[in-house]
Amino acid sequence: MAIREILEAPDPRLKIVSSPVEKFDEGLKTLVDDMFETMYDAYGIGLAAIQVGEPIRLLVIDLQEEDPDAEPEECEHDGTKHTHQPVKKDPRVFVNPEILDPSTDKGIYQEGCLSVPDVYADIERPSRCRVRWQDLDGKQHEEDMSGMLAICIQHEMDHLNGILFIDHLSRLKRGMALKKLQKARQAA
Ligand code: ZN
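Parameters and conventions
- Residues numbered from 1 in each chain as written.
- Predicted model: local features only at pLDDT ≥ 70, side-chain atom pairs only at ≥ 80, totals over all residues.
- Heavy atoms only, no water.
- Donors = N, O, S within 2.8 Å, 3.2 Å for Na, K, Ca; no water.
- Helix = DSSP H or I, 4+ residues; strand = E, 2+ residues; numbered from the N terminus.
- Buried < 20%, exposed > 50% of the residue type's maximum accessible area, 1.4 Å probe, protein only.
- Salt bridge = Lys/Arg side-chain N within 4 Å of Asp/Glu carboxyl O.
- Pairing = 2+ DSSP bridges.
- Phe/Tyr/Trp six-rings, centres within 6.5 Å; stacked < 30°, edge-to-face > 60°.
- Lys NZ or Arg CZ within 6 Å of the ring centre and 35° of its normal.

J.: So what's going on with the coordination of the zinc ion? Which residues, and what values?
T.: Within the protein, the zinc ion binds to Cys113 (SG), His155 (NE2) and His159 (NE2); these donor distances fall in the range 2.1 to 2.3 Å. Along the chain, the residues donating to the zinc ion fall in the pattern C-x41-H-x3-H. Of the two residues, cysteine 113 sits in strand E6 (residues 106-113) while histidine 155 sits in helix H2 (residues 147-160), which places them 42 residues apart along the sequence. Overall, cysteine 113 belongs to the buried group, its relative accessible area being 11%.

Put into structure tokens, the structure is as follows:
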């Protein structure tokens, strides 16, 4: 496994419409392993293949939600002890995903993106959707999604079509977001 470089806006490759996956081989599995390692390393919850420069219809998601059944973990920062709830790993792979029947009711959530660091914006999307996809063996699945999973999969699906979350903003707001990104980069 290897951590790959994450492309950042305005890299033109992020605008590519990715092609369907046709070969379900070892190379695909290795890429998925790399994508999970890259995503966890960057504290992300979703990553599309194009974000690591591979223009194929593949994405990985792990919402890493807190596990309510787990024993709280104790840790220490700067001399103060506190407990926190461990997260449950739930790595999910979506090959050639398609969104069917997005709901007419919408929700707003403050989104961010590993390819647009330090920028967050309220984005409105359908609250629920049905998703069809293939797994790493090419087997087809379908599932109704809602909540964070619905938001995340729609955000990642956009990447496969060359769309960033800031593309949903007005021209003015997108300009402000990109300026903020440039400033953060200069300061780094
Ligand atoms: Zn993203």
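J.: Give me the pattern of salt bridges: which residues, what numbers.
T.: Taken as a whole, this structure holds 12 salt bridges when the rule is applied. The salt bridge partner of glutamate 8 is arginine 185, with a shortest N-O separation of 3.2 Å. Highlighted residues: glutamate 8 in the segment before helix H1 (26-41) and arginine 185 in helix H3 (residues 171-187), separated in sequence by 177 residues. A salt bridge links aspartate 158 to arginine 125, with the nearest nitrogen and oxygen atoms 3.0 Å apart. One end of the pair, aspartate 158, is in helix H2; the other, arginine 125, is in strand E7 (residues 116-126), and 33 residues separate them in sequence. Of the two residues, aspartate 158 and arginine 125, neither departs from the other in class, the shared state being buried. Each of Glu98, Arg130, Arg132, Glu142 and Asp144 takes part in one network of salt bridges that share partners.

J.: Tell me about the pairing of strand E8 (residues 129-134), and name the residues and values.
T.: As paired elements, strand E5 (residues 92-100) and E8 share 4 bridges and run antiparallel to each other. The partner of glutamate 98 across the bridge, within E8, is arginine 132. Looking at chain direction, E8 and strand E9 (residues 140-145) are connected through 6 bridges and run antiparallel. The partner of glutamine 134 across the bridge, within E9, is glutamine 140. Taking the residues that link successive antiparallel strands as the turn, the E8-E9 hairpin has 5 residues, and the phi of glycine 138 there is positive, at about 90°.

J.: Lay out the packing of aromatic side chains with the relevant residues and their values.
T.: Counted according to the given criterion, the structure contains 2 aromatic pairs. Aromatic side chains phenylalanine 94 and tryptophan 133 sit 4.9 Å apart centroid to centroid with 65° between the ring planes, which places their arrangement in the edge-to-face category. Pair noted here: phenylalanine 94 is in strand E5 and tryptophan 133 is in strand E8, with a separation of 39 residues, a long-range link. Assessed through its relative accessible area of 7%, tryptophan 133 is described here as buried. Stacked on the ring of tyrosine 40, the Lys or Arg lysine 89 has its end atom at 4.4 Å from the ring centre.

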